[in-house]
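Close look at the chain arrangement
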Amino acid sequence: MLRVQGVEKTFDRFVAVNEANLEVEKGQVVAVIGPNGAGKSTLFKLITGHHKPDKGKIVFKGEDITGLPPYKICSKGISLSFQIVNVFPRLTVFENVQAAALSHQRRTFNLFSAASKFAVKETEDILDSMGLSRAADRISGSLSHGEQKVLEIAIALGNNPELLILDEPTAGMSPEETFATIGLINRLTSEMGLTILFCEHDMELVFSIADRIMVMHQGVSIIQATPEEIRNNKQVQDAYLGGAE
Ligand code: ADP
Ligand code: MG
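Calculation criteria
Residues numbered from 1 in each chain as written. Chains lettered and ligands numbered in written order. Predicted model: local features only at pLDDT ≥ 70, side-chain atom pairs only at ≥ 80, totals over all residues. Heavy atoms only, no water. Axes fitted to C-alpha atoms, helices over the stretch in contact; angles between N-to-C directions. Helix = DSSP H or I, 4+ residues; strand = E, 2+ residues; numbered from the N terminus. Parallel < 35°, antiparallel > 145°, perpendicular 65-115°, else oblique. Left-handed = near helix turned anticlockwise from the far one by under 90°. Contact = heavy atoms within 4.5 Å. Near = heavy atom within 4 Å. Polar contact = N/O pair within 3.5 Å; in protein donor to acceptor, adjacent residues only side chain to side chain. Areas by Shrake-Rupley, 256 points an atom, 1.4 Å probe, with all protein chains shown as cover. Nonpolar A, V, L, I, M, F, W, Y, C, P; charged D, E, K, R; others polar. Buried < 20%, exposed > 50% of the residue type's maximum accessible area, 1.4 Å probe, protein only.

Going by the annotation in an unreviewed UniProt entry, the name recorded for the chain is ABC transporter ATP-binding protein, with Desulfomonile tiedjei given as the source organism.

Here it is as structure tokens:
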């Protein structure tokens, strides 16, 4: 579904992503792991068009999407939920998800049409699947951090993606919220048939839900393999998992 080939991104003279390679097959849950500053968020932004690669190629469902603007990549079926919460704080939970669903349907809020009547069912379904129905009328800015992270995923789903990219979905969540989010990610793949690419610091979470894991270090993708192979890889143990074992 997704192939990232030799992608590179330099900020000024600092190479944030250097020779990154990644493959994601349809229906898989793929995790990217690596220490802070490894280039995970930058890689995700390169895939979704929020950064333009200096080198390399990104192919989604057989089509070269390298360097396309975010809205085009989004319309092709890739959604990104950011590491830093990125919701409209003064809109309600319902309105945040509805805005995403409306823009997916190429509608926008405007003075001349009552946009609030559209995409209602779609929005309700997403809130329901995310366990957010009861919070629908709450002002988004008043939600807990964990709830806002879940709302972020709901907004990403409003775009009806095939590939959902989650940048540290459980960062700052309580253990209960993290547990609920794991269940949710599992449901997104098993029930909704989504393909998921995510990065996460919680290794227990990564090893429990990923089909494949890619390890990134100083902008370079060192290896992509099954959780089993990653766990037993000497290079990865030394560079990264060492302290955790
Ligand atoms: P990770 O998500 O793995 O923690 P990032 O992709 O956020 O890593 O960052 C990789 C490196 O690139 C870091 O050293 C970071 O400071 C740098 N970086 C990220 N975004 C920018 C930017 N917009 N401008 C300059 N440097 C950046
Ligand atoms: Mg990051």
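What follows deals with the packing of helix α3 (residues 93-104) against helix α4 (residues 120-129). Interhelical geometry of α3 versus α4 gives an angle of 125° and a closest axis separation of 9 Å. With respect to each other, α3 and α4 are oriented oblique. Crossing of α3 over α4 shows right-handed handedness. The residues of α4 that touch α3, namely those facing Val93, Phe94, Val97, Gln98, Ala101 and His104, are Val120, Glu122, Thr123, Glu124, Ile126 and Leu127.

Here we take up the site of ligand 1. Looking at ligand 1, the residues that line it are Phe11, Phe14, Ala16, Pro35, Asn36, Gly37, Ala38, Gly39, Lys40, Ser41 and Thr42. Separating an oxygen atom of ligand 1 from a side-chain N or O atom of lysine 40 is a distance of 2.8 Å. One of the side-chain N or O atoms of threonine 42 is found 2.5 Å from an oxygen atom in ligand 1. Protein contacts shield 61% of the accessible area of ligand 1, which totals 560 Å² for the unbound molecule. Broken down by secondary-structure element, the contributors of at least two residues to the shell around ligand 1 are β2 (14-24) and α1 (40-47). Among the elements that make up the shell around ligand 1, the one with the highest residue count is α1 (three residues). Grouping the constituent residues of the shell around ligand 1 by class yields five nonpolar, five polar and one charged.

Here we take up unusual backbone geometry. The backbone of aspartate 12 shows a phi angle near 50°, a positive value even though the residue is not glycine. Summarising the element assignment, aspartate 12 is placed in the loop between β1 (2-11) and β2. For aspartate 12, a relative accessible area of 82% puts it in the exposed group. One non-glycine residue, glutamate 19, lies in the positive phi region at around 60°. Tracing the backbone shows glutamate 19 in strand β2.

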